[in-house]
Each structure stands twice: as C-alpha cells, then as structure tokens.
Amino acid sequence: MNDFVLGSGPAAIACAQALVARGRRVTILDAGEKLEPARQEVLDRVAALPSGKWDASDLAVLRGEQEKGHGNIHQKLLYGSDYPYRDDEDSMQSGRAESPFHYSLAQGGLSSVWGASLLPVSPDDIRDWPFPYEDLVPHYRAIFDWLPTAAGEPDGLAGILPSYSQKPEPLRFSRQIEGLVQDLKKGCPDDIRFGRSRQAVFTGGRNGGPGCVYCGRCLYGCPYGLIYSTAHTLEDMRKSERVDYRDRQRVERLEQSGDKVRIHTTDLRTGESACFEAGRVFVGTGILPTAWLVLRSRDAIGRKVVMKDSQYFIYPFLRAPLTRGVQDEPLHTLSQLYMEIRDPKISKHLVHLEIFSYSDYLKRALMQTPLRFVLSNPWAAEQFFGRVLIMQGFLHSEDSRTFSVELQAGGRPKLHLEANKRGPGWSQAVKVGFKLLSQAHRLRGAPILPALQFADPGRSYHSGGGFPMRKNPSEWETDPLGRLPGWDRIHLVDASTFPSIPATTMVLNIMANAHRIGTAAADL
Ligand SMILES: Cc1cc2nc3c(=O)[nH]c(=O)nc-3n(C[C@H](O)[C@H](O)[C@H](O)COP(=O)(O)OP(=O)(O)OC[C@H]3O[C@@H](n4cnc5c(N)ncnc54)[C@H](O)[C@@H]3O)c2cc1C
Ligand code: SF4
C-alpha cells in the first residue's frame, strides 16, 4: 500500500522527498490552491521579457493593493493575490478575519509567500526536544540537494549556525547594507554576531532562465520565480513514477484500524467525498489544519490546544550616513543581513534579527501613514529613505506569548483561535532595542524605540507545538516520529510537534525534522 503525504508545503515535500529517496511510492493529497488564471497570464507575460521591457500596468497588477493585515502590519501578498491564505467556502476556522495566523490551502503552502530566510537551530535552543541536534544534521545536508541558497561572506554566524548549503550563490548587498557591514567589521561586541542573510533563492536562474536582475520586487513575488517555493520541488517530483499528486483534495478525517489508515476527503472541484486507504500517513497540512484534523478525527470537541510562537517585532533603524539615490537603486528587497544576539540579560536563547534596506513595499506602507505629508517632499524622502533600515526581530518561544485553538461544535466543527495577550516578549523586544542603542557608535545609527511594533502571537507565522514530541508522550503529545498514542501509522510532520520554537526561522527546521521522520518511517 502507498504511503500518503498530506499537503505540499515544506513539511510535506521534505517528508515525501525522504520517502521517495528510500524507494517508497507516495501519493500526495493537497488542497492545492493556485494563482488566479488572469494574474498567471500577466505573470507569464512579464516572466518572458527582460526586465527593461516590463509593462508598467502589468507590474501594477502583480503588485496588488497593500492592505493592513492584523494590527498595523501589512499582509504580504503574492503577485498581488491573497491566494496563499485563501480559504474555501466551508472554512475550518471561526473568526478568521481577526486571526493573526492565516493557514494556507495553496500549492506550496506558505512557502509560496514566505521571506525565504533559512537558518538551522542552535543546539542550545532545542534542549527540550526528545533527540539531539546531531540527529537533524544529515537532514539539513540532504535538503540542500534540492534547496537553493543565496549565502556567502561575511558569515560571522557560521560558528553558531552552520550553513549546510552545498553551493551557495550570494545575492549582492544594497549600498545601505554594504555601509552597515563595513561599520560592523570595524568592531562588534562578542554577544552580537552578524552575517549575510541566507535565502532560498535561485540567484543564478532556474531551469536555464534569467538570474536575479535586482529589480527590487521580491516582496511582491519574483517575476522570474527565483524565490524558492516547495511547489518548485513538487513540480520536479511529479515527473517521477513513484509520486502521484492529487490536488484540490481537502482531507477531512483520518481513521486508523489495524495496519491501515483511511483518509476521508472532499474534492474541492466537485464537492464529492472520497476515501483512500494508506499503509502510513504523513500529515504536513500546517499547524492549524493539522490541529483541526487531529481534533476532528478524535471527536475532541471543546479540546484546547496551546500553540507556541516565536514572537516578532519591528524597529525602524536610522543611520547617520546618507546613501543617496536608494529609491532608484537596483537591489533585492528580501532580508539582507542577519544579526544574532546572545545576551543573558535579554534571553538565554538566541534572538534573531533580519535587516532590510529600502523597498517600494516599505515606501508604500509609509505613504499610508501621516509620514506621507513629509515623504511627499522629494528632498525629505531622499534624506529619510537614504538613512532608514527595517529590523525585524524574532524571539524564542520561551520568551514569547502563546495562542490557543479549540475545536467548537457545529455542522462542520471549526477551530477558534485566541491569542494570549499576557506573558513575556514585549520587555525582551524593548531590551533588544536598548541593546542596539548601546551600540549606536558602532552601528552609526539607532533604532527608533517609540516606533516599536510588537506583533500578536501567531502573526510571525513561526508557530507550532500543539502536539509536542516527547520521549514518553501523554495523550495529546507525540513520540519522536510525530505519532500520537493509538496512531502508530499516522505521523505529524509539520511544526505541530515542535516542543519549542527557536527564533532562528522555521522552514529549514520543519524540513529537516520532516525529512528525519520520513527517512526513519520508511524503514518501519
Ligand atoms: C509572509 C510570511 C513570511 C514567512 N517568512 C519565513 C521565512 O523567511 N523563513 C521561514 O523559515 N519561515 C517563514 N515563514 C513561515 C513558513 O512559511 C511556514 O512556517 C511554513 O510554510 C510551514 O510549512 P508547513 O509545510 O508546515 O505548512 P504550510 O506551508 O502551511 O503548507 C500546508 C500545506 O497543506 C495543504 N493543506 C492544508 N490543509 C489541508 C487539508 N485539509 N487537506 C489537504 N491539504 C491541506 C496546503 O494546501 C499546503 O500545501 C513565513 C510565513 C509567511 C506567511
Ligand atoms: S530582485 Fe528579487 S524579484 Fe527581482 S529578480 Fe531578484 S529575486 Fe527576483
């Protein structure tokens, strides 16, 4: 009987790759929403041209309208579309509009719209996991067989967060960041390390297409598809006769009896129900759909599941040196530089900072605030944008608030999400601000402390841990292969099983863990 993998995001695809590498046949069932055909047509037109020939009205379509999401932070779209977060008519969540976390039913999951930042965990940040860091290492290496990386020097992080990438191709720094790096090279305290961002980007091109042209559109979606999504790997996997991909299948319920698992689905095209039989099932549907599926399959109405979060915050950072002409500079607009802070006065874990320089996305967001009255003056805009950077910070889940989800009764039971407004996080974010301020002479700049934006738990999308892995799991916990008691053939392979959430990004660690589970389960 085939192994079944549910989803096509980072967890599912890394697990499926591990199974196929061990000679297994895999059926992938996926909700598999895609970009609307009209936008796809525009994208195809743009992708076929050199960047100098792009039509302004096509680019406007692919940029879309920037809308405030939860709180003051904008929701990142892809090619102007919100399809990565789009729900089907019969949502599995109540109050979704107010939710800080929007699950994905898209092909590639949230990796279709992510920021492409890739870091492993630090061993000290996963001491509560039921296996040692060394167990993840071969899987980091295996993943880089197909995962591209833009990385390179300077890489002051290598000593604490190795880059397992086999053939990194760096993206060029913007001039603003080049200036900051030169200042940091003159001296940086031991408890702040910095390095070039590591990004899942096909810098030199994909499938013989053009490489990065520094068009600055990364945050709207790369016209040449250079920002990695697991949909790319899925496309390659579908060529293998070992892989059967069925899209528009929404998984409704799982039942294990004996050595078989029944998977109940709804076809999202026709509304028809179906049932598949599997020898083993790997659930990589993302933390909220996975919680819904587990609770619903176990009829656990009223059961609350607590999710951990790596909470996130933003500081604008003003530098004294002015870089002229940034609004016209050819640059990329993903994170350019990482800083890792290990300061016991802030946290016993790493705090991860991503630094962005000028982008059209930033300008448009600011033009929706009262700052627009100043920035509409070209001289003021030149002075401001030539000095401002954006620092996006992440905290370990031990220093962050939680949110809970509960399955509520109804025709089709729904998850209700509630963010915990109390707990740690804010004071750590403020301490990070003061720490950077204390280094103002070296950084030749400082964060604007009163402009701190501190996001609700869940808003970082770096969340999980509803069914944490333990050596000896209790009823709602999983074993080190992601299995709940009584379900020895159903493995949860996404971040639902992370006992804690390190600050150092999600996807690489989700993939390594899912690949570890797939590799081990193939031999059971
Ligand atoms: C704007 C943004 C930026 C981010 N930036 C970064 C970053 O820079 N670095 C980083 O590490 N992480 C980042 N993340 C987080 C990262 O994208 C997620 O942690 C990651 O995608 C989760 O992977 P997953 O496979 O568990 O779930 P998902 O990516 O959510 O994939 C879920 C899959 O399951 C399918 N599915 C869901 N429900 C069902 C169902 N009932 N039946 C069948 N199929 C189903 C979906 O179609 C999808 O294919 C970012 C997220 C966002 C939103
Ligand atoms: S700058 Fe960004 S959007 Fe433009 S080609 Fe490079 S990766 Fe793609």
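Residues numbered from 1 in each chain as written. Chains lettered and ligands numbered in written order. Predicted model: local features only at pLDDT ≥ 70, side-chain atom pairs only at ≥ 80, totals over all residues.

## Concerning the sheet that holds strand 20 (residues 490–492)
Whether parallel or antiparallel, the strands of a sheet pair through hydrogen bonds between backbone atoms.
Next, step 1: Across the sheet, 5 strands lie side by side as 5-2-1-9-20; this open sheet has parallel pairing. Since the sheet does not close on itself, it has two edges, and those belong to strand 5 (243–246) and strand 20, each with one partner. Neighbour-to-neighbour, the strand axes of this sheet turn through a mean angle of 20°, independent of strand direction.
Next, step 2: Note: strand 1 (residues 3–6) against strand 2 (residues 26–29), 4 bridges, orientation parallel. Within strand 2, the position partnered with V5 by the bridge is I28. (Pairing = 2+ DSSP bridges. Helix = DSSP H or I, 4+ residues; strand = E, 2+ residues; numbered from the N terminus. Axes fitted to C-alpha atoms, helices over the stretch in contact; angles between N-to-C directions.)

## Observations concerning the site of ligand 1
Next, step 1: Around ligand 1, 38 residues are found, and the nearest of them are G7, G9, G109, G115 and G286.
Next, step 2: For the shell around ligand 1, the secondary structure elements donating two or more residues are helix 1 (10–21), strand 6 (249–257) and helix 13 (507–522).
Next, step 3: Partitioning the shell around ligand 1 into residue classes produces 20 nonpolar, 14 polar and 4 charged. (Near = placed C-beta within 6 Å. Nonpolar A, V, L, I, M, F, W, Y, C, P; charged D, E, K, R; others polar.)

## Some details on the sheet that holds strand 19 (residues 463–464)
Next, step 1: If you trace the 5 strands from one edge of the open sheet to the other, you get 3-16-15-10-19, paired in mixed fashion. Each of the sheet's edge strands pairs with one partner strand only, and the pair in question is strand 3 (93–94) and strand 19.
Next, step 2: Of the pairings in the sheet, the one linking strand 10 (residues 304–309) to strand 19 comprises 2 bridges and is antiparallel in character. Bridge assignment links K308 to a residue of strand 19, and that residue is G464.

## Considering the site of ligand 2
Next, step 1: Near ligand 2 there are 13 residues, and of these C212, C215, C218, C222 and H332 occur at the shortest range.
Next, step 2: A breakdown of the residues in the shell around ligand 2 according to their chemical character gives 10 nonpolar, 2 polar and 1 charged.

## Digging into helix 11 (residues 426–438)
Next, step 1: Between the first and last C-alpha of helix 11 there are 19 Å, a value that for 13 residues agrees with the 18 Å anticipated at 1.5 Å per step.
Next, step 2: Buried residues of helix 11: Q428, A429, V432, G433 and L436, and no others. Looking straight down helix 11, one finds its buried side chains confined to an arc of 150°; they lie on one side. Exposed residues pointing more than 90 degrees away from the buried face of helix 11 are listed as S427 and S438. (Expected span 1.5 Å × (residues − 1). Buried ≥ 20, exposed ≤ 12 C-beta atoms within 10 Å, placed from the backbone. Arc of directions from axis to C-beta.)

## Here's the deal with the packing of helix 1 against helix 13
Next, step 1: Two numbers describe how helix 1 lies on helix 13: the axes approach to 7 Å, and their chain directions differ by 35°. Between helix 1 and helix 13 lies a crossing whose hand is right-handed. Judged by residue contacts, P10, A11, A14, C15, Q17, A18 and L19 of helix 1 engage V507, I510, M511, A514, H515, I517, G518, T519 and A522 from helix 13.
Next, step 2: Each residue belonging to the contact of helix 1 with helix 13 can be placed in one class, and the counts come to 12 nonpolar, 4 polar and no charged. (Left-handed = near helix turned anticlockwise from the far one by under 90°. Contact = placed C-beta atoms within 7 Å.)

## A closer look at the environment of M237
Next, step 1: Residue placement: M237 occurs in helix 6 (residues 230–237).
Next, step 2: Filtering out sequence-adjacent residues up to four positions away, M237 remains in contact with A16, V20 and V243.

## Considering the domain arrangement of the protein
Next, step 1: Under the domain assignment used here, the protein contains domain 1 (1–35 + 81–147 + 228–297 + 459–524) and domain 2 (150–219 + 312–394 + 422–455).
Next, step 2: Between the C-alpha centres of domain 1 and domain 2 the distance comes to 30 Å.
Next, step 3: Facing 20 residues of domain 1, the contacting portion of domain 2 comprises 22 residues.
Next, step 4: Residues that form the side of domain 1 that touches domain 2 fall into these classes: 10 nonpolar, 7 polar and 3 charged. (Domains from an automatic or database assignment.)

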